[in-house]
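Descriptive analysis of the structure
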Amino acid sequence: MKWNHFKSKLLLKYTLSYISIFLIPLVILTIIIYHNAVDTLRSEIEQTNVNQLNQAKTVIDERMKELQDIAFRIAYDEQLTHYWTHHPYYSRESISALVRYKATSSIIDELFLFFREDDSIYSSQGFEDLNVFTKNYKFNSWNKSEIVHDLNSVKIPTMRPAEQLVQGTKIQNSMLAYLVPIAPNNTPAHGTVMYLIHESNLTGLIDSILSDYHGMTYIFDNNGQVLAANYQGETITEQEVHALFKLDPGTHNLSLNQEPHSVVSVKSDSGWTYVTAMPSNQFFSRIVHIRTFVILVFSFVVVMGTVLAIMLARRQYHPISDLMEFIRMKDHPVPSATSNELEWIKKTLHDYSQRVDLQEPYARNHILLMLLKHGHTGEFPAEFTEKLGIRFNRSHYFVVMMGWESQALPIGDKEKRPVIQLMNEVDLPSFSAYAYGVELPQPNQLAFIVGFDAETGHEASLNARMEPITQALQSMAEEHTGISPAIGAGNRYSYPEQLNQSFIEASTALETSILHGQGSITFFHTLSGTGEEGSSFWVPKDVLLKLVQSLKQGSYDVAVQMVSTALNNLKTEMPSVPLLRCICFDILNTMLKTASELGIHHVVNQLPRVTSYDSLEDLEKKLAGLAAEICAHVEAKSETEESSLMDEIVAYIDANFADYDLSLGTISSTFSISSAYFSRSFKEKVGMNFTQYIWQKRMDEVIRLLLNTTDPLKDIITRVGYLDTPSFIRKFKKETGYTPGQYRKMNSPNAGDSVDDDDEECM
């Protein structure tokens, strides 16, 4: 009967653990993501409001400047002099001139011209006496005497706060009065121009720019008076209004009328302060979709995570279940459902461990034998070899093999087993060495893996360290058997993975040692030594490495220098002709191999020409020519790759020129090149710098859209990547001589008559 998974407390524990590990970080991460998303959205909304309010401020400041410009032109207009306006015949022309000036600004409701100390005043309606301010234009708190006084005494452009004005028998309107003194040729002011402006004309400009904004709007003068305001149905106290005026430019969070508000404040150069206050509930209504999306994603991830946790728990429990089934098949009793499977398995494994301990010597010998034959221990992990007491923590390793003649130590001799047992692990502290004994399949032979510590030095000094260690092992073997074995020792290596090589070398040395008789010791390095005679004739390795690298880099000068250095060494040594040709072919082979790696396969065709030389000087010239061809090919390939990269970048710019984030930095980052390199290469490629190219692309696209669509000018300019519409209009006019609206009207027969208004709205 199999273990019931559904009754397993361990499986339930795994499942709950995975769900906890998954849910706790998920909840924390979701909260962080949600708050970050909300904060980011809030920041974006507030920044958008700041930008839009700055734009509204700029538009209103420009309108005020227009009013001052109108007053300036009135001051120098001959038709609006004191003489001309009082003339019985020309006064009509003066009134017409005032009508024209009024029409130049869309925010003017009425325009008055007053000559100081005069008893009359002029407007677009005609000539009137000062009683007009008690009959036709009656302010709520600004009486006639105060108006006349201000008209005669105002010295600087002054805006009066909005107040109710009764125009004749009409209903009351909230009006602002803007007084501008006129003084031509820097003379004392001789008159005043007064504009009447609907309060809604200023607040309406702000509302139109802020689009879907629904909150309070205030315009304060330098002294904190509210010039114009749009309350949107809200009311706040005077102290709260004064607090809004005192705010520094930027975004703030305030409680107004006992409700939280997001407040934006900006200041103009003229000293006016613009403030908007948006209720926080309006902000949170914009993030409902984010909250809904986060909840849906969170719910989906929780469901999927729970399913995944169950699958992982079952997957983790599956090996335990299989192990229990395996143990059950071995006739072990299965624990009850209330017991802990891991504790029961632990007890069972402990029983198996006791059996394994009995087999440990055989396992240890098997591991060491695999290391000698293959240089690795197979699939056995390092923890397993550590458990068996096998450690490799010395700087050098070599193999020693011992052999006895069959007559000296017959097969089945009971003396051999004690040798293996006694020399299973030998410690040689006087030599900072140890050795592991390994029983070999061959009869009458033993192997020892020897490790010792020594600083890397000359070959002779390291070889000298190996000799006393080998002699000590021979003495110990002779002491236990009574017979001195023949010994063969391999070369030393720095890593145990190289012991298979030392094992082969020791086997070879042992064969030689046995020929010399029992008790002899042979080292492999004494067999493999060939002497150093003639070794200086070969080309130094560093020269060949530098030659290869210079060819890969396309550095002709260095490549020729390396060829010359290599051949000059040969001239100095003067080797035999056959050896000289072999060495020269080594240089040639290095160059051809490098060319092949670089994909330059055609140089192989020059092999007959290069190999037919009469002297080293002739060979040097031909190798220099070969190096020149390889380097030229590398340089040409580099230039081709650079040209291809520039083509790719130009194509990328053509496809993304409308992205307002496009810049030298983004291009350099995208294509992993430096800004300076890109700027220089781009100008060489297209004949103009990056900024000029982007401007021309956007200019061409704006012209195309102007002539082929009826889209608003502001939308077109934004679409091609410009956020500063007035700046673009100025640059467009400087480039073509016309504003975009004028250009569309002149070149598009289907354009409407209102295209010039687009320019006005965008300025």
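Scroll up for the structure.
First, a word on scope: everything that follows refers to the structure included in this document. (Residues numbered from 1 in each chain as written. Predicted model: local features only at pLDDT ≥ 70, side-chain atom pairs only at ≥ 80, totals over all residues. Heavy atoms only, no water.)

1. Structural notes on the overall build of the chain
From N to C terminus, the chain includes 27 helices and 18 strands. For the chain, buried positions account for 42% of its 763 residues. Counting only contacts in the chain whose residues sit at least 6 apart along the sequence, the fraction spanning at least 24 positions is 61%. Here the chain has roughly 42100 Å² of accessible surface; of this, 54% comes from carbon and sulfur atoms. (Helix = DSSP H or I, 4+ residues; strand = E, 2+ residues; numbered from the N terminus. Buried < 20%, exposed > 50% of the residue type's maximum accessible area, 1.4 Å probe, protein only. Contact = heavy atoms within 4.5 Å. Areas by Shrake-Rupley, 256 points an atom, 1.4 Å probe, with all protein chains shown as cover.)

2. A short note on the sheet that holds strand 10 (residues 250–256)
By definition, the strands of a sheet pair up through backbone hydrogen bonds, in either a parallel or an antiparallel sense. The strand order 9-8-12-11-10 describes an open sheet built from five strands, whose pairing is antiparallel. If you trace the sheet from one side to the other, it starts and ends with strand 9 (226–230) and strand 10, each paired once. Neighbouring strand axes in the sheet, compared pairwise and without regard to direction, differ in orientation by 20° on average. Pairing analysis gives four bridges linking strand 8 (residues 216–220) to strand 9, with the strands arranged antiparallel. Its bridge partner being in strand 9, Thr217 is matched across the sheet by Asn230. Running over the sheet, helix 6 (residues 199–210) touches strand 8, strand 9 and strand 12 (273–279) and is turned about 55° from strand 9. In the packing of helix 7 (residues 238–246) onto the sheet, contacts are made with strand 8, strand 9, strand 10, strand 11 (259–267) and strand 12, and the angle to strand 8 comes to roughly 65°. (Pairing = 2+ DSSP bridges. Axes fitted to C-alpha atoms, helices over the stretch in contact; angles between N-to-C directions.)

3. What about a nonpolar patch on the surface?
A surface patch of nonpolar side chains, amounting to about 440 Å² of accessible area, comprises Val303, Val307, Leu308, Met311 and Leu312. As for its placement among the helices and strands, Met311 is situated in helix 9 (residues 288–329). Residue classification places Met311 among the exposed residues on the basis of a relative accessible area of 52%. (Patch = residues over 30% accessible without salt bridge, like charges linked within 9 Å, V, L, I, M, F, W, Y side chains within 5 Å. Salt bridge = Lys/Arg side-chain N within 4 Å of Asp/Glu carboxyl O.)

4. Some words on the pattern of salt bridges
Working definition: two side chains of opposite charge can pair if their charged atoms are close together. Counting across every chain of the model gives seven salt bridges. Among the salt bridges present, the one from Lys65 reaches Asp69, with a minimum N-O distance of 3.6 Å. Residue Lys65 and its partner Asp69 are located together in helix 1 (residues 9–75), separated by four residues, close to a single helical turn. Given a relative accessible area of 32%, Asp69 falls into the partly exposed group. The salt bridge involving Arg719 is made with Asp711; its shortest N-O contact spans 2.9 Å. Taking relative accessible area as the criterion, Arg719 reaches 41% and is therefore assigned partly exposed.

5. Comments concerning the packing of helix 23 (residues 690–708) against helix 25 (residues 725–736)
Any two packed helices are characterised by the angle at which their axes cross and by the distance between the axes. Running from N to C, helix 23 and helix 25 cross one another at 90°; their axes reach a closest spacing of 12 Å. Considering their axes alone, helix 23 and helix 25 lie roughly perpendicular with respect to each other. Along the contact surface, helix 23 presents Trp695, Gln696, Met699, Val702, Ile703 and Leu706, while helix 25 presents Phe728, Lys731, Phe732, Glu735 and Thr736. Of the residues assigned to the contact of helix 23 with helix 25, the class counts are seven nonpolar, two polar and two charged. (Parallel < 35°, antiparallel > 145°, perpendicular 65-115°, else oblique. Nonpolar A, V, L, I, M, F, W, Y, C, P; charged D, E, K, R; others polar.)

6. Re the pairing of strand 17 (residues 486–489)
Burial along strand 17 is two-sided: Ala486 and Gly488 and Ile487 and Ala489, pointing in opposite directions, are all buried. Where strand 13 (residues 396–403) meets strand 17, four bridges bridge the pair, whose relative direction is antiparallel. Bridging from a neighbouring strand, Val400 pairs with Ala489 of strand 17. Here strand 17 pairs with strand 18 (residues 521–523) via three bridges, running parallel. Opposite Ala489, over in strand 18, you have Phe523 as the bridge partner.

7. Quick look at unusual backbone geometry
Across the chain, the bulk of peptide bonds are trans and the bulk of non-glycine residues have phi less than zero. Here the phi dihedral of Glu117 falls at roughly 65°; this positive angle occurs in a residue that is not glycine. Along the chain, Glu117 turns up in the loop between strand 1 (108–115) and strand 2 (120–123). Look at Glu117 and you get exposed, because its relative accessible area is 68%. Look at Ser432: it is not a glycine, yet its phi comes out positive at around 55°. Within the fold, Ser432 resides in the loop between strand 14 (425–428) and strand 15 (433–439). A relative accessible area of 36% places Ser432 in the partly exposed class.

8. Examining the sheet that holds strand 17
An order of 14-15-16-13-17-18 is seen for the six strands of this open sheet, with the pairing classed as mixed. Each having just a single partner strand, strand 14 and strand 18 make up the two edges of the open sheet. Geometrically, the sheet is characterised by an average inter-axis angle of 20° between neighbouring strands, direction not taken into account. Alignment of strand 15 against strand 16 (residues 445–452), held across seven bridges, turns out to be antiparallel. From the neighbouring strand, Ala435 faces strand 16, where its bridge partner is Val450.

9. Describing the packing of aromatic side chains
Under the definition given, this model contains 19 aromatic pairs. The interplanar angle of 50° and the centroid separation of 4.9 Å between the aromatic rings of Phe72 and Tyr76 together place this pair among those described as tilted. Taking the relative accessible area as the measure of exposure, Phe72 reaches 53% and is therefore exposed. Of the residues examined, Tyr76 reaches a relative accessible area of 40% and is grouped as partly exposed. Between Phe728 and Phe732, the ring centres sit 6.1 Å apart and the planes meet at 40°, which makes this aromatic pair tilted. With Phe728 and Phe732 both in helix 25 and four residues apart, this pair spans about one turn of that helix. When its relative accessible area of 0% is taken as the criterion, Phe728 is described as buried. What makes Phe732 buried here is its relative accessible area of 0%. (Phe/Tyr/Trp six-rings, centres within 6.5 Å; stacked < 30°, edge-to-face > 60°.)

Limitation: the analysis is restricted to geometry and does not speak to function.
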